[in-house]
Structures are given as structure tokens and as C-alpha cells.
Amino acid sequence: MSRLSRLLGVLATGLLLAAGPALADAGKAKRFEDALVTAIPMGQVFAMIAGGDPDWPRKQIDPDMSAGQSACLAGELSADGERRRLRPLVNRYLADNPDRVDADLAILELGGPALGMMMIAGARQEQTGVPVDEAALLSTLSQEQTEAFVAMMAGPEHASLRVLMGIGNAFDANASRDHNEAAGEAAGEDLALRIMRRAFAICETPFPLDN
């Protein structure tokens with residue numbers, strides 16, 4: 001298995017468990033951005049994978065890339081880089097969906113932290129091999145948070161929000177556990193690939209899976 005394939009596996013397991021127009025309400029856009037990075041904490045997951053290694057991601061992905069390319073990629077795959085990626089998407093979404101903004105923001109702020117917690121726990125499980133105690137994880141959620149999480153992940157009224165989040169409509173509240181686990185793995189890998197392809201393009205670095 002290649003270094004990149006292993007990296008994508010970490011991100012997929014975690015998911016299991018030009019700029020848009022200016023907005024009049026910049027505060028709401030900031031709240032939306034904050035809620036998104038809490039729900040889909042890709043920068044934090046990449047930081048876990050890097051483990052404080054100053055030579056990441058060159059050492060793990062492609063030892064032949066230059067130090068400059070590696071530094072650029074580390075920046076783009078960081079928490080700050082993730083915000084830079086999301087900001088124009090959020091601005092466009094809020095401008096294009098004014099009738100959905102308040103409802104989507106409310107459900108994202110209430111249900112998003114549960115997804116983020118599960119992603120971090122899943123990534124840690126992939127790294128350490130120690131299984132996640134799902135029951136203990138879910139027991140920390142209130143009924144209101146659980147309902148918001150389910151609505152965020154499967155409610156038809158939040159389909160466009162899930163596209164913005166990058167996970168699409170992979171989850172089905174009426175489907176089996178095996179189905180949703182497989183769907184979550186596929187969605188996680190797809191999201192990771194898209195984020196990484198963007199970073200490699202910005203940093204003018206050949207994407208390993210294209211070689």
C-alpha cells in the first residue's frame with residue numbers, strides 16, 4: 001500500500017464514525033465557516049497525521065518532492081489552509097441560498113460537533129489501532145444534538161448543505177450499518193482526494209496518484 005493510500009485510509013476512517021460575492025452579513029459567514037471546520041476538521045486530521053514532523057508531507061507521501069513543495073502543501077493542508085479553501089465556497093453558498101442559510105447554520109452548529117468528534121476519533125483509531133468506543137462517544141450527545149446530527153447527515157432539506165460540506169448524500173438513516181459504513185468510507189476518501197488534489201495543484205506539485 002502506498003503512503004498516499006494509507007493517508008487516505010486515515011481520512012476515510014475518520015469520516016466513517018474564484019472567491020464568491022461579498023456578503024452583507026460577514027459575521028454570519030464567519031459563523032458558517034467556523035461551524036464547517038468544526039464539523040469537517042480536515043486540517044486537524046492532517047495535523048494528527050503529520051504528528052509534528054517538520055518534513056511532512058514529503059516524508060509520508062513523496063520523498064522526491066522539494067522542500068518548498070512540501071512546505072507549501074503543509075500550509076494548504078493545515079487548519080488555516082482549510083479555511084482558505086472553504087471561505088469562497090461559504091460565500092458563494094450563502095449568496096446562492098439565502099432562504100437556507102439560517103436553518104443550515106443552526107443545524108450545522110448543533111449537529112456538526114458530533115461529526116467532527118467522530119472524524120477525529122476515527123482518525124485516531126486508524127492511527128493507533130485502538131477501536132473507538134462508539135457507545136461512549138454517542139453517550140456524550142444530548143437528544144437535541146443527536147437529532148440535529150441525524151438531520152444534518154440524512155435530512156432531505158439539508159442536501160445542499162452536505163454538498164457544501166463535501167460529503168454529499170452518502171448516508172441514509174434507513175439503510176443498514178454496513179451500507180452507511182461503506183458509504184462513509186467512500187465519501188471520506190473522495191473528500192480527501194479533492195482537498196489534496198487542490199493543494200497539490202496550488203503548490204505546483206505532481207499528484208502521486210496521477211503518475
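Note that the structure is predicted; figures quoted are calculated from it, not measured.

Concerning the overall build of the chain
Looking only at helices and strands, the chain has 11 helices and zero strands in total. Order of helices (α) and strands (β) in the chain, N terminus to C terminus: α-α-α-α-α-α-α-α-α-α-α. Looking at the 211 residues of the chain, the share that counts as buried comes to 45%. Summed over its atoms, the accessible surface of the chain is roughly 10,300 Å², and 53% of this surface lies on carbon and sulfur atoms.

Quick word on the side chain of Glu76
Here Glu76 is to be found in helix H5 (residues 67–76). With relative accessibility at 12%, the residue Glu76 sits in the buried group. Apart from residues no more than four positions distant in its own chain, Glu76 is found in contact with Gly81, Glu82, Arg84, Arg198, Ala199, Ile202 and Cys203.

Observations regarding the nonpolar core
Core analysis: the biggest nonpolar cluster contains 58 residues, and Phe32, Ile40, Leu108, Met152, Leu161 and Met165 have the highest contact counts within it. Those residues in contact with Leu108 that lie beyond four places of it in its chain are Phe32, Ala35, Leu36, Ala39, Pro113, Met152, Leu161 and Met165.

Looking at the pattern of salt bridges
Per the counting criterion, the structure on display carries 14 salt bridges. In this structure, the salt-bridge partner of Asp53 is Lys59, at a minimum N-O distance of 3.1 Å. Judged by its relative accessible area of 23%, Asp53 is partly exposed. Among the ionic pairs, Glu76 bridges to Arg84, the shortest N-O distance being 3.4 Å. By sharing partners, the salt bridges in this structure join Lys30, Glu33, Asp34, Arg83 and Arg87 into a single network.

Notes on the packing of helix H2 (residues 26–39) against helix H7 (residues 101–128)
For the pair H2 and H7, interaxial distance at closest approach is 6 Å and the crossing angle is 25°. In terms of their interaxial angle, H2 and H7 are classed as roughly parallel. Crossing angle aside, the handedness with which H2 passes H7 is left-handed. Taken together, the residues of H7 that come into contact with H2 (itself represented by Lys28, Arg31, Phe32, Ala35, Leu36, Thr38 and Ala39) are Val101, Asp102, Asp104, Leu105, Leu108, Glu109, Gly112, Pro113, Leu115, Gly116 and Met119.

What to know about the environment of Ser78
Mapped onto the elements, Ser78 comes out in the loop between H5 and helix H6 (79–96). As for Ser78 and Met42, which are separated by 36 residues in sequence, their C-alpha atoms are 8.0 Å apart. Here the side chain of Ser78 touches Gly75 through a polar contact of 2.6 Å, landing on its backbone oxygen.

Thoughts on unusual backbone geometry
Following Trp56, the chain continues to Pro57 via a peptide bond in cis, the omega torsion being 10°. By the element assignment, Pro57 lies in the loop between helix H3 (42–50) and helix H4 (58–61).

A short note on H3
With respect to burial, H3 is a largely interior element, seven of its nine residues being buried. The complete set of buried residues in H3 reads Met42, Gly43, Val45, Phe46, Met48, Ile49 and Ala50. Note on H3: the residue one or two positions beyond its end, Gly51, has a positive phi of about 60°.

A few points about the packing of aromatic side chains
For the coordinates displayed, the defined rule picks out three aromatic pairs. Both rings, one in Phe46 and one in Trp56, keep their centres 6.1 Å apart while their planes meet at 45°; by these two values the pair is tilted. Of this pair, Phe46 sits in helix H3 while Trp56 sits in the loop between H3 and H4, and the two are 10 residues apart along the sequence. Of the two residues examined, Phe46 and Trp56, each falls in the buried class. Each ring, one from Phe200 and one from Phe207, has its centre 5.1 Å from the other, and the planes form 85°; the classification is edge-to-face. Comparing Phe200 with Phe207 shows no difference in burial state: the two are buried.

Reading the values: rules and limits
Residues numbered from 1 in each chain as written. Predicted model: local features only at pLDDT ≥ 70, side-chain atom pairs only at ≥ 80, totals over all residues. Heavy atoms only, no water. Helix = DSSP H or I, 4+ residues; strand = E, 2+ residues; numbered from the N terminus. Buried < 20%, exposed > 50% of the residue type's maximum accessible area, 1.4 Å probe, protein only. Areas by Shrake-Rupley, 256 points an atom, 1.4 Å probe, with all protein chains shown as cover. Contact = heavy atoms within 4.5 Å. Core = buried A, V, L, I, M, F, W, Y, C linked by side-chain atoms within 4.5 Å. Salt bridge = Lys/Arg side-chain N within 4 Å of Asp/Glu carboxyl O. Axes fitted to C-alpha atoms, helices over the stretch in contact; angles between N-to-C directions. Parallel < 35°, antiparallel > 145°, perpendicular 65-115°, else oblique. Left-handed = near helix turned anticlockwise from the far one by under 90°. Polar contact = N/O pair within 3.5 Å; in protein donor to acceptor, adjacent residues only side chain to side chain. Phe/Tyr/Trp six-rings, centres within 6.5 Å; stacked < 30°, edge-to-face > 60°.

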